[in-house]
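If you want the building blocks of each chain, they are given just below.
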Amino acid sequence: EAKRLRQAVAVYNPGAEAARALHLSLLSDLAAAIQQDQLRQFLQPKRCLKTGRITGAEALVRWQHPQRGWLPPGDFIPFAERSGRIRQITDWMLARAVRTLAEWEAQGQEPLTIAVNISTLDIQDQTLPARLAALLSEYRVDPAQLQLEVTETGLMASGADPIAVLNALKAWGVRLAIDDFGTGQSSLAYLQHLPVDELKIDRSFVQDVDRDPRRQALLKSIVGVGQGLGLTVTAEGVENEAELACVRACGCDLVQGYLLARPMDLRDFESWRGSATAE
Ligand code: C2E
Ligand code: CA
Ligand code: CA
Ligand code: CA
């Protein structure tokens, strides 16, 4: 009896089975998530080190799942990419961002930019520029207030000619950023061909930079190259004052990270912004 039980357990492999079941149910839930308005857009601010001003925010998706609670993007974005649903998430995030920009403008707020993350599959999608243009004109939002973030790896992996799509997006006047810079295999030389405005240096170069002179040297040279190409350079994931001091010393233009603020829902972001400006 004990032996049969052991065999059954070995064959059953609850880990893999549970993972498969979770994947399958997430997949069907994802369709509902968009229709039933379960996605949320969080905003994390960026600050200019020269002026001290808040210049914009990055939009980060969250899923308020009715049974599983809050899910971070890492739990469902890879799925959405594999199952072809990423486009719906991207469209939802873009629409949400553009609506917020329009609301801020109607309220007479000083303009900020909102940056939306775009996946590899979106870059390959030739219809993205037109979808974006339709949104911007529907809400009468200045395209320069919207930024798209693409990862270096995403750009390299996309089969289509990423430069053509980026140029088409650029032609609509939106701003483009290279995300997670320094983690991919693309070279600094490739960068000069990309029609981008901003370089976001990956957190791995920023973390503990105050305690590692070699990391500091790397950070400084990435900043130098980026600014040499005329790009705004942002340090991601700045968590404490020591890292901030280094990032500042290396000449970064903008900072983003838990030290400044965590990603927040729109309401919290608006009140945070109010108090940050009042300081
Ligand atoms: P990312 O684009 O590099 O976004 C930054 C991530 O770092 C966010 O995690 C953010 O919450 C986190 N972060 C910010 N400051 C700090 C810090 O000081 N310390 C640490 N340890 N982390 C910090 P999040 O929201 O979990 O997003 C993870 C990734 O999921 C994003 O990385 C992005 O690649 C992807 N993602 C998020 N939203 C979207 C989306 O709407 N569409 C697509 N395609 N991908 C998204
Ligand atoms: Ca990003
Ligand atoms: Ca990033
Ligand atoms: Ca990342």
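Residues numbered from 1 in each chain as written. Chains lettered and ligands numbered in written order. Predicted model: local features only at pLDDT ≥ 70, side-chain atom pairs only at ≥ 80, totals over all residues. Heavy atoms only, no water.

**Student:** Mind showing me how you'd approach the packing of aromatic side chains here?
**Tutor:** Counting across every chain of the model gives four aromatic pairs. Arranged with centres 5.3 Å apart and planes meeting at 80 degrees, the rings of tryptophan 63 and phenylalanine 76 form a pair that is edge-to-face. Taken together, the residues span a long stretch of sequence, with tryptophan 63 in strand β2 (residues 54-65) and phenylalanine 76 in the loop between β3 (69-71) and α3 (77-82) at a distance of 13 residues. Here the two residues tryptophan 63 and phenylalanine 76 agree in accessibility, since each one is buried. One aromatic cluster in this structure is built from Trp104, Phe269 and Trp272. (Phe/Tyr/Trp six-rings, centres within 6.5 Å; stacked < 30°, edge-to-face > 60°. Helix = DSSP H or I, 4+ residues; strand = E, 2+ residues; numbered from the N terminus. Buried < 20%, exposed > 50% of the residue type's maximum accessible area, 1.4 Å probe, protein only.)

**Student:** Would you mind going over the side chain of arginine 96 with me for this structure?
**Tutor:** Mapped onto the elements, arginine 96 comes out in helix α4 (residues 86-106). Of the side chains bearing the opposite charge, glutamate 103 lies closest to the buried arginine 96, which forms no salt bridge; the N-O distance is 4.4 Å. Residue contacts for arginine 96: discarding those within four places in its chain leaves Gln41, Glu103 and Leu266. (Lys, Arg positive; Asp, Glu negative; His and termini not counted. Salt bridge = Lys/Arg side-chain N within 4 Å of Asp/Glu carboxyl O. Contact = heavy atoms within 4.5 Å.)

**Student:** I tried to follow the coordination of the calcium ion (ligand 3) on my own but got confused; where do I start?
**Tutor:** Angles between donor atoms at a metal ideally measure 109.5 degrees for a four-coordinate tetrahedral arrangement and either 90 or 180 degrees for a six-coordinate octahedral one. Coordination of the calcium ion (ligand 3) by the protein involves Asp179 (OD), Asp180 (OD), Glu236 (OE) and Glu236 (OE), with metal-donor separations of 2.2 to 2.4 Å. Taken in chain order, the donor set of the calcium ion (ligand 3) reads D-D-x55-E. If you look at the calcium ion (ligand 3) and the calcium ion (ligand 2), they sit 3.9 Å from each other and are both ligated by aspartate 179. (Donors = N, O, S within 2.8 Å, 3.2 Å for Na, K, Ca; no water.)

**Student:** Please explain helix α12 (residues 241-249) as it appears in this structure.
**Tutor:** Since one α-helical turn is 3.6 residues long, residues separated by three or four positions face the same way. Within α12, the full set of buried residues consists of Glu243, Leu244, Cys246 and Val247. Projected down its long axis, α12 carries its buried residues within an arc of 165 degrees, all on one side. Exposed residues pointing more than 90 degrees away from the buried face of α12 are listed as Glu241 and Ala249. Of the surrounding elements, those touching the buried residues of α12 are α10 (203-206), α11 (213-228), β8 (232-235) and β9 (254-255). The backbone nitrogen of alanine 242 has a side-chain oxygen 3.2 Å away, supplied by the residue at the start of α12, namely asparagine 240. Following α12 by one or two positions, glycine 251 adopts a phi angle in the positive range, close to 90 degrees. (Arc of directions from axis to C-beta. Polar contact = N/O pair within 3.5 Å; in protein donor to acceptor, adjacent residues only side chain to side chain.)

**Student:** Can you help me understand the packing of α4 against helix α6 (residues 128-138) in this one?
**Tutor:** Any two packed helices are characterised by how steeply their axes cross, that is the angle between the axes, and by the distance between the axes. Packing of α4 against α6 leaves a shortest axis separation of 10 Å and a crossing angle of 30 degrees. Taken together, the axes of α4 and α6 are roughly parallel relative to one another. Read as a crossing pair, α4 and α6 show a hand that is right-handed. Of α6, the residues touching α4 (which contributes Arg87, Asp91, Leu94, Ala95 and Val98) are Leu128, Arg131, Leu132, Leu135 and Leu136. Residues that form the contact of α4 with α6 fall into these classes: seven nonpolar, no polar and three charged. (Axes fitted to C-alpha atoms, helices over the stretch in contact; angles between N-to-C directions. Parallel < 35°, antiparallel > 145°, perpendicular 65-115°, else oblique. Left-handed = near helix turned anticlockwise from the far one by under 90°. Nonpolar A, V, L, I, M, F, W, Y, C, P; charged D, E, K, R; others polar.)

Function-wise, these values are silent; they only describe arrangement.
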